[in-house]
2 protein chains.
Amino acid sequence: MRIPQRRTLCTGEKLGMIKVGINGYGTIGRRVADAVRVQKDMSVVGIVKTKPDYVAREASKNYRLFCSGKENLKSFSEEGLEAEGTIDDLLDDVDIIVDATPEGQGEKNLPMYRNKKVKAIFQGGESSGMVEASFNAYSNFMDSWGKDYVRVVSCNTTAMARTVSAVMNRFGVRKLDATIIRRATDPNDSKKGPINSVEPSLKFPSHHGPDLKTVLRIGEANTVAIKVPTTLMHVHVVNLTVDKSITEDDVNDLFKEYRRIITIRGKDGLPSTAQIMDMAREMGRKRGDLFEIAVWKESIYANNNTLRYIQAVHQESDVVPENVDAIRAMLQEKDRESSVDETDRTLEIRGKT
Amino acid sequence: MRIPQRRTLCTGEKLGMIKVGINGYGTIGRRVADAVRVQKDMSVVGIVKTKPDYVAREASKNYRLFCSGKENLKSFSEEGLEAEGTIDDLLDDVDIIVDATPEGQGEKNLPMYRNKKVKAIFQGGESSGMVEASFNAYSNFMDSWGKDYVRVVSCNTTAMARTVSAVMNRFGVRKLDATIIRRATDPNDSKKGPINSVEPSLKFPSHHGPDLKTVLRIGEANTVAIKVPTTLMHVHVVNLTVDKSITEDDVNDLFKEYRRIITIRGKDGLPSTAQIMDMAREMGRKRGDLFEIAVWKESIYANNNTLRYIQAVHQESDVVPENVDAIRAMLQEKDRESSVDETDRTLEIRGKT
């Protein structure tokens, strides 16, 4: 039972822009909203917030506000914020909803979207089993073509899918072994830990390996995740077994072809995630975001069938362009190359620093 | 021996915009450059960098680059960056230089500026003895009127001068006791500590109390500084003995009159510096800067002659508007009120969240 492309009339004519709702305006939701807003073929109808906090206040300057439930309407008006209605009202007026609610909440919201016959994108915290496809623009864009319920994989999986699929397309990849050094929490959180310890995933592989397989056809994907007390970025130590003999120059040339991957150099003043995030701020994007995966040039090591490199991942923003592309795939709006080109152009993703 | 106002002809006519050079493009220099750039009465002639790193690369998109010395010119060209000359060349073409070089370097640079007959602003890391005046726009703007060598006090002193001078002007302040919980280092630094300890200043008072007295006529200023492992902001616990009996409403009303002071609420989702910095990012300023001193409303306690409050200070940016105003004072360009109005308007400092 496919949801009809609501934007298409019986005659096949299109009805202007894709109408997008954003449910959840946290780390991901706010960034996807701003990214959708600058697309020519999409518009943000409104965003859903639960609390009338400082985030809602700033959001209200750019977006129509909706509450998660009627019981919250009063709390908004008490804070001088006008919520135009509830998520129920918003769903009546959108072609697709981007669900960026906390992990696990998306699954609870799915019946509501089904009931309203609205397409929905979920984030990486939800399980792959609840959707028709998992999404990464580089590795499996077409799997989501025309689908109603899709999940954009997590920041870590997105990062691995980008660089590994680039290598795979050119050289073939048999096996991935990766150590994921995870940031503890996002910069706007002061509650979670760890603050002074290192916490390994005690399952092998960590969930990232299997998750990668939902978007990339790879034989073996072994991952270990280690949580460390930092909020800036994740870092991945990637070890690939490739089909063809490969050189470091091959890899440098290869990554240049993908705008969402950049190579950086420690000798350029970028020895750690602290300076990479500073570079992102200097680039002048809102919130100092870095949509690109940053691979340290010095870390690229190639020898016959072995390729190793270290990459840094801005967990707050790398999935943002993916959400935009997923919308286009689900609405059958543009093919992969056109969508990625347009997203990168509008978000000023240029592929080099 | 006053340096002539180079921009003024014998007839008293003005020669267009104030020509500003920036020596040192670190945390403060880059922000002052961007702030000067948006003023109608000033322009950035060029910036001085020592290394051709990622910061120089980003800077070159907006500014003419100059090297700190001839010996560095080659290293820039090797990295594909064009430096137009050295600081010597830049000094020939500016009315005033903002020295934002590392602590102690400003004093070494002073003879060079004297020699070139160029006015100079130094930052809070330099000693007050080497300049004609220390500067804070709220507390002593006119002390720098027409002066050649001025120091904008540090981020911490600037923050205290702002809120304490506001209280002093209305209610009189006899004594300040403050505990300054200092951030360890700036977000783009990964070398300095402490990373997991708390480090008190072992001198009493810390240098902040005496420093405050260079810009504010206060009888007693007792400060203690405690360094903690965070990079986001400083936090001040301020305890004032005031001349007149004072209420919490008085203080709330008072702070509303000063745009560079904002009151925030923990209950608005802002219990810590993590969320305050997130709010600043949402406000959409470049680099997520917060020029304003943020006072927690819940922390304001007033009882007879005692006033206590807690404020958070974005150490990377609170001195930026002060540097702009100091330029105008030294060039006798605008009076205090006009300068502060213009700076706040151009930097979008609106006095409320």
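Basis of the calculations
Residues numbered from 1 in each chain as written. Chains lettered and ligands numbered in written order. Predicted model: local features only at pLDDT ≥ 70, side-chain atom pairs only at ≥ 80, totals over all residues. Heavy atoms only, no water. Pairing = 2+ DSSP bridges. Helix = DSSP H or I, 4+ residues; strand = E, 2+ residues; numbered from the N terminus. Axes fitted to C-alpha atoms, helices over the stretch in contact; angles between N-to-C directions. Contact = heavy atoms within 4.5 Å. Right-handed = clockwise from strand over helix to strand, strands pointing away. Buried < 20%, exposed > 50% of the residue type's maximum accessible area, 1.4 Å probe, protein only. Polar contact = N/O pair within 3.5 Å; in protein donor to acceptor, adjacent residues only side chain to side chain. Least-squares fit on C-alpha atoms with pLDDT ≥ 70 in both. Domains from an automatic or database assignment. Buried area = accessible area lost by both parts, 1.4 Å probe. Salt bridge = Lys/Arg side-chain N within 4 Å of Asp/Glu carboxyl O. Arc of directions from axis to C-beta. Nonpolar A, V, L, I, M, F, W, Y, C, P; charged D, E, K, R; others polar.

Residue and element names in this part refer to chain A. In spatial order, the strands read E4-E3-E2-E1-E5-E6-E8-E7; together these eight strands make up an open sheet with parallel pairing. Two strands in the sheet have a free side with no partner beyond their single neighbour: strand E4 (83-86) and strand E7 (133-135). Looking at each pair of strands side by side, their axes are set apart by 30° on average, direction ignored. Across three bridges, E7 lies against strand E8 (residues 149-152) in parallel orientation. When the bridges of E8 are listed, Phe135 appears paired with Val152. Against the sheet, helix H1 (residues 27-37) engages strand E1 (18-23), strand E2 (42-49) and strand E5 (96-99), with an angle of about 160° to E2.

Let's shift gears to the pairing of strand E13 (residues 261-264) of chain A. Residue and element names in this part refer to chain A. Across four bridges, the pairing between E13 and strand E14 (residues 293-296) is parallel. When the sheet's bridge partners are listed, Ile261 is paired in E14 with Ile293. The parallel pair E13 and E14 is bridged by helix H10 (residues 273-283), and the resulting crossover is right-handed.

Within helix H10 (residues 273-283) of chain B, ten of the eleven residues are buried, which leaves the element mostly enclosed by the surrounding structure. Within H10(B), burial applies to Thr273(B), Ala274(B), Gln275(B), Ile276(B), Met277(B), Asp278(B), Met279(B), Ala280(B), Arg281(B) and Glu282(B). Close packing links the buried residues of H10(B) with H1 and helix H2 (54-59) of chain A together with strand E12 (234-242), strand E13 (261-264), strand E14 (293-296) and strand E16 (306-313) of chain B. Two or three places before Ala274(B), at the opening of H10(B), Ser272(B) has a side-chain oxygen 3.1 Å from that residue's backbone nitrogen. Following H10(B) by one or two positions, Gly284(B) adopts a phi angle in the positive range, close to 85°.

Superposing chain B onto chain A requires a rotation of 180° together with a translation of 0.0 Å along the rotation axis, leaving an RMSD of 0.0 Å. In the structure described here, the two chain copies are related by an operation that fits a two-fold rotation axis. By residue overlap, the copies meet face to face through one surface: 100% of the interface positions of chain B are interface positions in chain A.

Residues and elements named next belong to chain A. Here the domain parsing of chain A yields domain 1 (18-152 + 319-346) and domain 2 (155-313). Of note, the centres of domain 1 and domain 2, computed from C-alpha atoms alone, are 26 Å apart. Between domain 1 and domain 2, the residue contacts involve 25 residues of the former and 19 residues of the latter. Of the roughly 1800 Å² buried between domain 1 and domain 2 on both sides combined, carbon and sulfur atoms contribute 41%. Among the salt bridges present, the one from Glu322 reaches Arg162, with a minimum N-O distance of 2.8 Å.

Under the counting rule described, the total for this entry stands at 75 salt bridges over all chains. A salt bridge links Glu79(A) to Arg265(B); the shortest N-O distance between them is 2.6 Å. You can see Glu79(A) sitting in the loop between helix H3 (70-78) and E4 and its partner Arg265(B) sitting in the loop between E13 and H10, one on each of two chains. Linked by salt bridges that have partners in common, Arg30(A), Arg31(A), Asp34(A), Lys286(A), Arg287(A), Asp289(A), Glu316(A), Asp278(B), Arg281(B) and Glu282(B) make up one network.

A few words now on the sheet that holds strand E3 (residues 65-67) of chain B. Residues and elements named next belong to chain B. One open sheet holds the eight strands; their spatial order is E4-E3-E2-E1-E5-E6-E8-E7, and the pairing between them is parallel. Looking at strand neighbours, the two that pair on one side only are strand E4 (83-86) and strand E7 (133-135), the edges of this open sheet. The mean inter-strand angle of the sheet, taken between neighbouring strand axes irrespective of direction, is 30°. Where E3 and E4 come together, two bridges link them in parallel fashion. Looking at E4, one finds that Cys67 is bridged to Thr86. Against the sheet, helix H11 (residues 320-330) makes contact with strand E1 (18-23), strand E2 (42-49), strand E5 (96-99), strand E6 (119-122), E7 and strand E8 (149-152), and its axis sits at roughly 150° relative to E6, the strand it touches most.

This paragraph deals with helix H9 (residues 248-256) of chain A. Residues and elements named next belong to chain A. Residues Val251, Asn252, Leu254 and Phe255 constitute the buried set of H9. Taken around the axis of H9, the buried residues stretch over an arc of 165°, which confines them to a single face. Residues Asp249 and Lys256 are exposed on H9 and point more than 90 degrees away from its buried face. Tucked into the core, H9 has its buried residues touching helix H7 (155-171), E13, E14 and strand E16 (306-313).

Glancing now at the interface of chain B and chain A. If you look at the interface, chain B gives 33 residues, while chain A gives 33 residues. Together, the buried faces of chain B and chain A total about 2900 Å²; carbon and sulfur atoms form 43% of this surface. Three residues, Tyr54(B), Arg281(B) and Glu282(B), lead the burial of chain B against chain A; their summed loss comes to 27% of the area buried on that side. Across the pair Glu282(B) and Arg30(A) runs a salt bridge whose closest N-O atoms are separated by 3.0 Å. Here chain B is connected to chain A by 23 residue pairs in polar contact (both at pLDDT 80 or more). Breaking the side of chain B that touches chain A down by element, the ones donating at least two residues are helix H1 (27-37), helix H2 (54-59) and H10 of chain B. Take the side of chain B that touches chain A: its biggest share by element is seven residues, from H10(B). When the residues that make up the side of chain B that touches chain A are grouped by side-chain class, the tally is nine nonpolar, eight polar and 16 charged.

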